[in-house]
Amino acid sequence: MHAENVHKSFGKLEVLKGVSLEVTKGETVCIIGPSGSGKTTFIRCINHLEKMDSGRIEVNGHLIGYRQRGDELVEDSERNIARQRTEIGMVFQRFNLFPHKTALGNVIEAPVHVLGTKKDQAVGLGTALLGRVGLADKIDTYPGKLSGGQQQRVAIARALAMGPALMLFDEPTSALDPEVIGEVLEVMEELAAAGTTMIVVTHEMGFARKAANRVVMMDDGLIIEEGTPEHFFEAPRHTRTRQFLSKIL
Amino acid sequence: MHGLVAVDWHIIWLRIFHPGNVFARALWVTIYISVVSQILGVALGLVAALMRMSRVAPLRWLSGIYVWIFRGTPLLVQIFFIYTTFNTPSFQFGRLWAVPAEATTGILALSINEGAYMREIIRAGIDSIDRGQMEAAKSLGMRHGQAMRRIILPQAARVIVPPLGNEFNNMMKNTALVFTIGVYELFADAQAQYSVALKSEYFVAVAVWYLMLTTVWTFIQAWIERRLSVSDRGEELSFRERLELSWNPLTAWGRGAPHR
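The rules behind these values
Residues numbered from 1 in each chain as written. Chains lettered and ligands numbered in written order. Predicted model: local features only at pLDDT ≥ 70, side-chain atom pairs only at ≥ 80, totals over all residues. Heavy atoms only, no water. Phe/Tyr/Trp six-rings, centres within 6.5 Å; stacked < 30°, edge-to-face > 60°. Helix = DSSP H or I, 4+ residues; strand = E, 2+ residues; numbered from the N terminus. Buried < 20%, exposed > 50% of the residue type's maximum accessible area, 1.4 Å probe, protein only. Lys NZ or Arg CZ within 6 Å of the ring centre and 35° of its normal. Polar contact = N/O pair within 3.5 Å; in protein donor to acceptor, adjacent residues only side chain to side chain. Contact = heavy atoms within 4.5 Å. Buried area = accessible area lost by both parts, 1.4 Å probe. Salt bridge = Lys/Arg side-chain N within 4 Å of Asp/Glu carboxyl O. Pairing = 2+ DSSP bridges. Disulfide = S-S within 2.5 Å. Axes fitted to C-alpha atoms, helices over the stretch in contact; angles between N-to-C directions.

A. Here's a closer look at the packing of aromatic side chains. Summed over all chains, the structure comprises eight aromatic pairs over all chains. Seen from their ring centres, Phe23 of chain B and Trp209 of chain B are 4.7 Å apart, and the 45° between their planes marks the pair as tilted. With a gap of 186 residues between them, Phe23 of chain B in helix α3 (residues 21-52) and Trp209 of chain B in helix α10 (residues 201-228) connect regions that are remote in the sequence. Residues Tyr194 of chain B and Phe203 of chain B carry aromatic rings whose centres are separated by 5.0 Å and whose planes lie at 40° to one another, so their mutual orientation is tilted. Looking at Tyr194 of chain B, the relative accessible area reads 26%, which means it is partly exposed. The cationic tip of Arg158 of chain A hangs over the ring face of Phe98 of chain A; the distance from NZ or CZ to the ring centre is 4.5 Å.

And the structure:
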């Protein structure tokens, strides 16, 4: 993933003031920062759920959301944007599982209806993925009967089912009860260890310490500090970073 | 005068238990006009609702004007307008499937009117679905139309069905209006009987028939809602509870409320 000088405003409010970030294959990057710093907006720009105003983002070598026309970038067709999104998995803060489908139904929905995978093949894949996130016994359960932690794990399996080149996590544990945060983080740590390319917006510094290759601190629409997790725990340079960390640790 | 004092129960008995072939035909006309108009009304409402949410501004305006006009004018006026406009020799599409032309224009008027109400119901249903559902579908690579069809509408359907059921209940009663353009349906039949004998009992009898139709529909509606309520809710209303709710006029309004 390669992001360059991404700008985004909502009305008069400039949320992203030129964010650039490089994430290489197999890397796990955590984005931290106070609320309103633009981290969620940034991660949503990466799969074009949010349209950036200027800048460019590439995933797996493909320009996201836009087409190059001469010197200009023009918004791409819906079909192409949809295709680009199949390469990018997204896990939301509020899970956004499809309540009218079972856990397995959620996981196989897109492989079958977007990628055109054969149903029985998708069922095999879906069952395996649900097993991987520890929910082999819940495949026929509807989201309404699952705990928050279980729902989020289904959501992770659902995103993985598309075989994405990049996984985005938008505060995946913020809506969870404290006692189930661990089970979700565990799954994410495993993914990171298995070499999944991940960008994680989170406040879970424990996760960052264990799983992240790199931590990025955002404040007021800019990346103000970047480094290894150890760097952030031992010697953060920036005053804002120190203030922020002292609040959440 | 005598009507209040001495009800002719015999007429009511006859009209309910031995109504005859002409009546059976009229009953059938009422049922198929209701069903066909409702189905077309839902289809029109869906199209108008999607137009309302379109990115193309003229489509949104068109949808707005449609609802504005057809909810803002009397159904009876619409029926007469559409009947007199379309039931001309140059526009005789009515003989299709051996359906009388009056019935066809009646269906046309009822469904266009119904579509305006259904648009609001369908739009409210779609709006009630969390924005995150569309985002999740899109982030999985679905296009807007596909996400609408596979993710949003199935969920919206559950919200739409209870008010849709009430619309159909109204529809069955509103079909009586097409008697005015010469369709021989239930009410026209009662009117015909009355005009011979001048006995109000014929209207009591036809009211009982309407009541039977709407009551049977109550059962069907409860069954449909039961089928649609997948187990994403903590506790579900049982078939019996739904029926009880719908029987009791004081609690009937609560049927559409989400039972989360």
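B. Examining the side chain of Glu27 of chain A more closely. All names here are of chain A. For Glu27, the position within the fold is in the loop between β2 (13-22) and β3 (28-32). For Glu27, the side chain forms a polar contact with the main-chain nitrogen of Thr24, separated by 2.9 Å. In this structure, Glu27 is in contact with Glu22, Thr196, Thr197, Met198, Asn213 and Arg214, ignoring residues within four places of it in sequence.

C. Inspection of the interface of chain B and chain A at higher detail. Contact residues are listed per partner, giving 25 residues for chain B and 27 residues for chain A. Where chain B abuts chain A, roughly 2,300 Å² becomes buried across the two surfaces, and 54% of that area is made up of carbon and sulfur atoms. A salt bridge links Glu78 of chain A to Arg143 of chain B, with the nearest nitrogen and oxygen atoms 3.9 Å apart. Run the count over chain B and chain A and you get eight residue pairs in polar contact (both at pLDDT 80 or more). Those elements that place two or more of their residues in the side of chain B that touches chain A are α7 (131-139) and α8 (144-174) of chain B. Ranked by the residues each element gives to the side of chain B that touches chain A, the list is headed by α8 of chain B, at eight residues.

D. Representation of the pairing of strand β8 (residues 88-91) of chain A. Residues and elements named next belong to chain A. Neither face of β8 is open: one carries Ile88 and Met90, the other Gly89 and Val91, and all of them are buried. As paired elements, β8 and strand β9 (residues 166-170) share four bridges and run parallel to each other. Residue pairing across strands places Val91 opposite Phe169, the latter belonging to β9.

E. Quick look at the environment of Thr117 of chain A. Counting through the fold element by element, Thr117 of chain A comes out in the loop between α3 (103-115) and α4 (119-132). With sequence-adjacent residues up to four places away left out, Thr117 of chain A is seen in contact with Pro111, Val112 and Ala122 of chain A.

F. Broad picture of the state of the cysteines. All told, the structure shown has zero disulfides over all chains when counted by the stated rule. Cysteine Cys30 of chain A shares no disulfide, and the gap to the nearest cysteine sulfur, in Cys45 of chain A, comes to 19 Å.

G. Inspection of the sheet that holds β8 of chain A at higher detail. Residues and elements named next belong to chain A. Spatial ordering of the open sheet is given by β8-β9-β10-β3-β11-β12, a layout of six strands whose pairing is mixed. Strand pairing shows two members of the sheet lacking a second neighbour, β8 and β12 (222-227), which therefore form its edges. Ignoring strand direction, the axes of neighbouring strands in this sheet form an average angle of 20°. Across four bridges, β3 lies against strand β10 (residues 198-201) in parallel orientation. Residue Thr28 lies in a different strand from β10, and its bridge partner there is Met198. Each of β3, β11 (214-219) and β12 is contacted by helix α9 (residues 239-248), which is oriented at about 100° to β11, the strand it contacts most.

H. Quick peek at the sheet that holds β2 of chain A. Residues and elements named next belong to chain A. An order of β2-β1-β4-β5 is seen for the four strands of this open sheet, with the pairing classed as antiparallel. Both edges of this open sheet fall to β2 and β5 (62-63), since each of them pairs with a single strand only. Summarising the sheet, strand β1 (residues 2-10) and β2 pair through seven bridges and their orientation is antiparallel. Bridge pairing links Ala3 to Leu21 in β2.

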